[in-house]
Amino acid sequence: QRNARRMTDSVVLRRSLLMTSALSPDAFHALLNSGADMVCADLEDGTAVDRKAEARAAVFDMFKSNAECRRLLRVNSARTVDGLRDVLAVIDSETPPDGIILPKVCRPEDVIQVADVLRPNRPDIEILALIESPEGLRRVDDIAVAAPELTCLIFGTADYSAEIGSNLAWDALHYGRSRIVNAAKEADIDAMDGAWFDPDDEAGFLEELNRVVGMGFTGKISYEAAHVAPVHAALTPTSEEVEQARRIIATAEADTVGIARLDGRMVNESIVRSARRILAAASESR
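These numbers were taken from a predicted model, which means no experiment stands behind them.

Within the protein chain, the regular secondary structure consists of twelve helices and ten strands. For a compact globule of 286 residues, the expected C-alpha radius of gyration is about 19 Å, and the protein chain comes in at 19 Å, within 12% of that figure. Relative to its full complement of 286 residues, the protein chain shows a buried share of 49%. In the protein chain, of all internal contacts separated by at least 6 residues, the share reaching a separation of at least 24 is 72%. Entry remark: accessible area of the protein chain is about 13500 Å², with carbon and sulfur atoms responsible for 49%. Here the protein chain contributes 33 positive and 47 negative side-chain charges, whose respective centroids are spaced 4 Å apart.

This next bit is on the state of the cysteines. If you walk through the whole model with that rule in mind, you get zero disulfides. Cys 69 carries a free sulfur, and the closest cysteine sulfur to it, the one in Cys 40, is 11 Å from it. What makes Cys 69 buried here is its relative accessible area of 7%.

It is worth spelling out the pattern of salt bridges at this point. Within the structure shown, the criterion is met by 29 salt bridges. For Arg 139, the salt bridge goes to Glu 135, with nearest N and O atoms at 2.9 Å. Take Arg 139: its relative accessible area is 27%, and that puts it in the partly exposed class. For Glu 135, a relative accessible area of 25% corresponds to the partly exposed category. Here the salt bridges share partners, and the residues they tie into one network are Asp 42, Glu 44, Arg 74, Lys 104, Glu 132 and Asp 159.

This part covers the pairing of strand 7 (residues 190–193). Consecutive side chains of a regular strand alternate in pointing toward one face of the sheet and then the other. Side chains of strand 7 alternate between two faces, with Asp 190 and Met 192 and Ala 191 and Asp 193 buried alike. In the classification by handedness, the crossover that spans strand 7, the intervening helix 9 (residues 202–215) and the parallel strand 8 (residues 219–222) is right-handed.

What follows covers the pairing of strand 8. The two faces of strand 8 match: Gly 219 and Ile 221 on one face and Lys 220 and Ser 222 on the other face are all buried. Two strands pair when backbone bridges link them, and strand 1 (residues 16–21) and strand 8 are joined in this way by three bridges, in the parallel orientation. Within the sheet, the bridge partner assigned to Leu 17 lies in strand 8 and is Ile 221. By the bridge criterion, two bridges tie strand 7 to strand 8 in an arrangement that is parallel. Its bridge partner being in strand 8, Asp 193 is matched across the sheet by Lys 220.

Around the barrel, which closes on itself, the eight strands sit in the order 1-2-3-4-5-6-7-8 with parallel pairing between neighbours. When strand polarity is set aside, the average angle formed by the axes of neighbouring strands in this sheet is 25°.

Turning our attention to a nonpolar patch on the surface. Taken together, the side chains of Leu 168, Phe 197 and Tyr 223 make up a nonpolar region of the molecular surface, amounting to roughly 290 Å² of accessible area. Positionally, Leu 168 belongs in the loop between helix 7 (157–164) and helix 8 (170–187).

What follows is about the packing of aromatic side chains. All told, the structure shown has four aromatic pairs when counted by the stated rule. Between Phe 197 and Tyr 223, the aromatic rings sit 6.3 Å apart at their centres with planes inclined by 35°, giving tilted as the arrangement. Of the two residues, Phe 197 is situated in the loop between strand 7 and helix 9 and Tyr 223 in the loop between strand 8 and helix 10 (228–234); the sequence distance between them amounts to 26 residues. Cluster of aromatic residues (ring-pair linked, three or more members): Phe 28, Phe 60 and Phe 63.

What follows concerns helix 2 (residues 52–59). Residues Lys 52, Ala 55, Arg 56 and Val 59 constitute the buried set of helix 2. Along the axis of helix 2, the buried positions cluster into a sector of 100°, meaning they face one direction only. Across helix 2 from its buried face, at more than 90 degrees, point the exposed residues Ala 53 and Ala 57. In this structure, the buried side of helix 2 is in contact with strand 2 (38–42), strand 3 (70–74) and helix 3 (81–92).

Turning our eyes to something else, we now look at the packing of helix 3 against helix 4 (residues 108–118). Between helix 3 and helix 4, whose axes approach to 10 Å, the crossing angle comes to 25°. Considered as vectors, helix 3 and helix 4 are oriented roughly parallel to each other. Helix 4 is crossed by helix 3, and the crossing has right-handed handedness. Side by side, helix 3 and helix 4 meet where Leu 84, Val 87, Val 90 and Ile 91 of the first sit next to Gln 113, Val 114, Val 117 and Leu 118 of the second. Considered class by class, the residues forming the contact of helix 3 with helix 4 number seven nonpolar, one polar and no charged.

Here is what the cut-offs are and how they apply
Residues numbered from 1 in each chain as written. Predicted model: local features only at pLDDT ≥ 70, side-chain atom pairs only at ≥ 80, totals over all residues. Heavy atoms only, no water. Helix = DSSP H or I, 4+ residues; strand = E, 2+ residues; numbered from the N terminus. Rg over C-alpha atoms; globule rule 2.2 N^0.38 Å. Buried < 20%, exposed > 50% of the residue type's maximum accessible area, 1.4 Å probe, protein only. Contact = heavy atoms within 4.5 Å. Areas by Shrake-Rupley, 256 points an atom, 1.4 Å probe, with all protein chains shown as cover. Lys, Arg positive; Asp, Glu negative; His and termini not counted. Charge placed at Lys NZ, Arg CZ, Asp CG, Glu CD. Disulfide = S-S within 2.5 Å. Salt bridge = Lys/Arg side-chain N within 4 Å of Asp/Glu carboxyl O. Right-handed = clockwise from strand over helix to strand, strands pointing away. Pairing = 2+ DSSP bridges. Axes fitted to C-alpha atoms, helices over the stretch in contact; angles between N-to-C directions. Patch = residues over 30% accessible without salt bridge, like charges linked within 9 Å, V, L, I, M, F, W, Y side chains within 5 Å. Phe/Tyr/Trp six-rings, centres within 6.5 Å; stacked < 30°, edge-to-face > 60°. Arc of directions from axis to C-beta. Parallel < 35°, antiparallel > 145°, perpendicular 65-115°, else oblique. Left-handed = near helix turned anticlockwise from the far one by under 90°. Nonpolar A, V, L, I, M, F, W, Y, C, P; charged D, E, K, R; others polar.

In structure tokens form, the structure reads like this:
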């Protein structure tokens, strides 16, 4: 089953995601000018437990200003009281975020519950699901198609490694990354890798970035604005890819039968969608 997303006519780039605490409005507004595709205020791990209510009451002021990037809110797990209050606050707010990051997703019902509540009240809010546990990874194929509002799977590498008792080395997390990329691709949604936590190790960051892009990830989380440019560069199509994408779209637009071919290969809807994504990414990177 594929996820029948609503916003199929326009491409939304989710290459870079910068995180900051919901208690840091100045940092949030600074990140809005970083060039990132998405900026997220964090009500979960980025907010002290005894300050959740305070952060929830103040965070929506951050979404009042217009910005070219998408503004997200990481809520608490929907299986907690704080998470339920967060979702209700999103619905009631006069300035809601463009999307929410839903943490600790372990089963499809975690997404369905939130989507069902948001849909009649805030139908334009997308959901990005954080997979952070062995249970979530085991059910990730079903999670990926749980709701049409779900646009991206995010691999919570730090929490996942803590759950299984591993380190953050490439070999330790390769299986989890593979599962998430494959689930996202089958569902036709984006896949975003977790953050790199050592801002002083640029070589290590670039190596991991190139590896996850090579696996098929479409984005990577970061806490460092300096990471935005290399993430976008790694995900920028080559001139050859751009030219081929243009040829694919031109072939599809000229087809009146529905069985178009280019260089002997079938040009179907999914191939055209991929071509449009390539052109959008190339345009955005300029």
